[in-house]
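Listed below are the residues making up each chain.
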Amino acid sequence: MSLIRYQTPELSTWTPFVGLSNLRDEMNRLFDLSAPALGAREDRLLGLWSPPLDVFQDKDHIFVKCELAGLKKEDIGISLHENTLTISGERKQEREVKEGDGFRSERFFGRFHRSVSLPVPVRPDHVKAQYRDGILAVTLAKAEEAKPKQIEVQVS
Amino acid sequence: MNTLTQTAQPAATNRAANGAARRVATVTPVANIHETAEGYILEAEMPGVGKDEIEVTVENGELVILGRRADKELPGEPLYRESRPLDYRRVFDLDPSIDSGKIKAKMEQGVLILTLPKAEEVKPRRIQVTD
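Being a predicted model, the structure only gives us computed values, none of them experimental.

Of the regular secondary structure elements, chain B holds one helix and nine strands. Across chain B, helices and strands are ordered from the amino to the carboxyl terminus as α-β-β-β-β-β-β-β-β-β. Residues counted as buried form 27% of the 131 residues belonging to chain B. Across chain B, contacts joining residues at least 24 apart in sequence account for 58% of those joining residues at least 6 apart.

Laid out in structure tokens, this is it:
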């Protein structure tokens, strides 16, 4: 004997085309993405936020750039521990959100956390960070031993 | 459906709109749209775009947002890259109830905030009951 009464599936409320326009948007965005950005997108689908991060270098510096639109400067934290740079923070929803008044909601609000292991040792006392136009740019000075050195070859 | 619904804007229609075979790759910025009593608020994320690099145009009932990235390259060679050095573009259909002459735009740390007021005649209005 079944303990749960059989319920008629609610066929009448099934509307097959609702959500199709969303699907189309999602597909368009999927084709927009390049392969490395897909990982970030998957995190997003899982409800996590993984802002895109770039690492560049020149002779003396390592540059780390992170796309963080719409945060407050004081809500961003940067730390360096054993040559791993960690950027974390929180995007806060400033407006009061009422149920039903937002009909397109794609932005992510909440906490994020990104760590990157730096390719060469850096000087912990020479880290600069700037936040402008929604881009966080961290400049790190390479440690002396990590810099390329010209070695004079003595020919006798 | 609703106002401000996004127009299908894949690369193919981009090309058609330009009238040329040149295909310009752009990124679609994520956006939130809220409705208030006065109108709509649209927020679009465009990190790397300053206030002088944004273009908002209204033409034929379409709202076009175009943001040019000023920070396409960092000094030095890339070691690891997730961001895309492309401009942002997105097109929305404008609801006829929006007073397109009164649209205001501002940039806040890479987020474009557009205020789209409704025309006076469509705003909710309290009607006094007379005796």
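In terms of helices and strands, chain A carries two helices and eight strands. Element order for chain A, N to C, with α for helix and β for strand: α-α-β-β-β-β-β-β-β-β. Put simply, chain A has 156 residues, and 19% of those count as buried. Considering only residue pairs separated by 6 or more positions, chain A has 54% of its internal contacts joining residues 24 or more positions apart.

Residues and elements named next belong to chain A. If you trace the three strands from one edge of the open sheet to the other, you get β3-β4-β6, paired in antiparallel fashion. On the outer flanks of this sheet lie β3 (76-81) and β6 (110-117), each paired with one strand and no other. Taken pair by pair, the neighbouring strands of this sheet meet at an average axis angle of 15°, ignoring direction. In the sheet, β3 pairs with strand β4 (residues 84-91) via six bridges, with the strands oriented antiparallel.

Residues and elements named next belong to chain A. Positive phi outside glycine occurs at Asn83, with the angle close to 65°. Here Asn83 is to be found in the loop between β3 and β4. Exposure remark for Asn83: the 15 C-beta atoms within 10 Å place this residue in the partly exposed category. Of note, the phi angle at Asp133 is positive, near 50°, even though the residue is not glycine. Relative to the elements of secondary structure, Asp133 occurs in the loop between β7 (122-132) and β8 (135-142). Classification of Asp133 as buried rests on a count of 21 C-beta atoms within 10 Å.

Once that is clear, we can look at the environment of A:Asp60. Residue and element names in this part refer to chain A. Tracing the backbone shows Asp60 in the loop between β1 (53-57) and β2 (61-67). In this structure Asp60 comes out as partly exposed when scored by C-beta crowding, with 15 C-beta atoms within 10 Å. As for Asp60 and Leu48, which are separated by 12 residues in sequence, their C-alpha atoms are 34 Å apart. Aside from chain neighbours lying at most four places away, what touches Asp60 is Ala141, Lys142 and Lys147.

Residue and element names in this part refer to chain B. Pairing within the open sheet is mixed, and its four strands lie in the order β1-β7-β5-β4. Only two strands of the sheet have a single partner each, and these edge strands are β1 (26-27) and β4 (54-59). Pairing between strand β5 (residues 62-67) and strand β7 (residues 87-93): six bridges, direction antiparallel. In the strand pairing of β7, Gly67 is matched with Tyr88.

The next point concerns the confidence of the model for chain B. Residue and element names in this part refer to chain B. The pLDDT averaged across chain B works out to 81; a share of 80% of its residues lies at or above 70. Taking the mean pLDDT of every element in chain B, the minimum, 44, falls on helix α1 (residues 11-18) and the maximum, 95, on strand β9 (residues 111-117). Contacts of residues 8-21 to residues separated by more than four positions or lying in other chains number 12 contacts, the stretch itself having pLDDT below 50. Both scores are available for the predicted complex, with the pTM at 0.71 and the ipTM at 0.75.

Okay, the environment of A:His61 next. All names here are of chain A. As for its placement among the helices and strands, His61 is situated in strand β2. Classification of His61 as partly exposed rests on a count of 17 C-beta atoms within 10 Å. Every residue in contact with His61, bar those within four places of it in the chain, is listed here: Thr139, Leu140, Ala141 and Lys142.

Before going further, it helps to spend a moment on the pairing of β2(A). Residues and elements named next belong to chain A. For β2, a buried count of five out of seven residues is recorded, marking the element as mostly surrounded by other parts of the structure. As paired elements, β1 and β2 share five bridges and run antiparallel to each other. From the neighbouring strand, Leu53 faces β2, where its bridge partner is Cys66. In this structure, the hairpin formed by β1 and β2 is closed by a connection of three residues. Bridging between β2 and β8 involves seven bridges; their strand directions are antiparallel. Its bridge partner being in β8, Ile62 is matched across the sheet by Leu140.

We now examine the environment of B:Val49. Relative to the helices and strands, B:Val49 resides in the loop between β3 (39-45) and β4. B:Val49 gets classed as buried once you count the C-beta atoms within 10 Å, which come to 29. Beyond its immediate stretch of four places on either side in the chain, B:Val49 contacts A:Asp133, B:Ile54, B:Gly67, B:Arg68, B:Arg69, B:Tyr88 and B:Gly110.

Cut-offs applied
- Residues numbered from 1 in each chain as written.
- Chains lettered and ligands numbered in written order.
- Predicted model: local features only at pLDDT ≥ 70, side-chain atom pairs only at ≥ 80, totals over all residues.
- Helix = DSSP H or I, 4+ residues; strand = E, 2+ residues; numbered from the N terminus.
- Buried ≥ 20, exposed ≤ 12 C-beta atoms within 10 Å, placed from the backbone.
- Contact = placed C-beta atoms within 7 Å.
- Pairing = 2+ DSSP bridges.
- Axes fitted to C-alpha atoms, helices over the stretch in contact; angles between N-to-C directions.
- pLDDT = per-residue confidence, 0-100.

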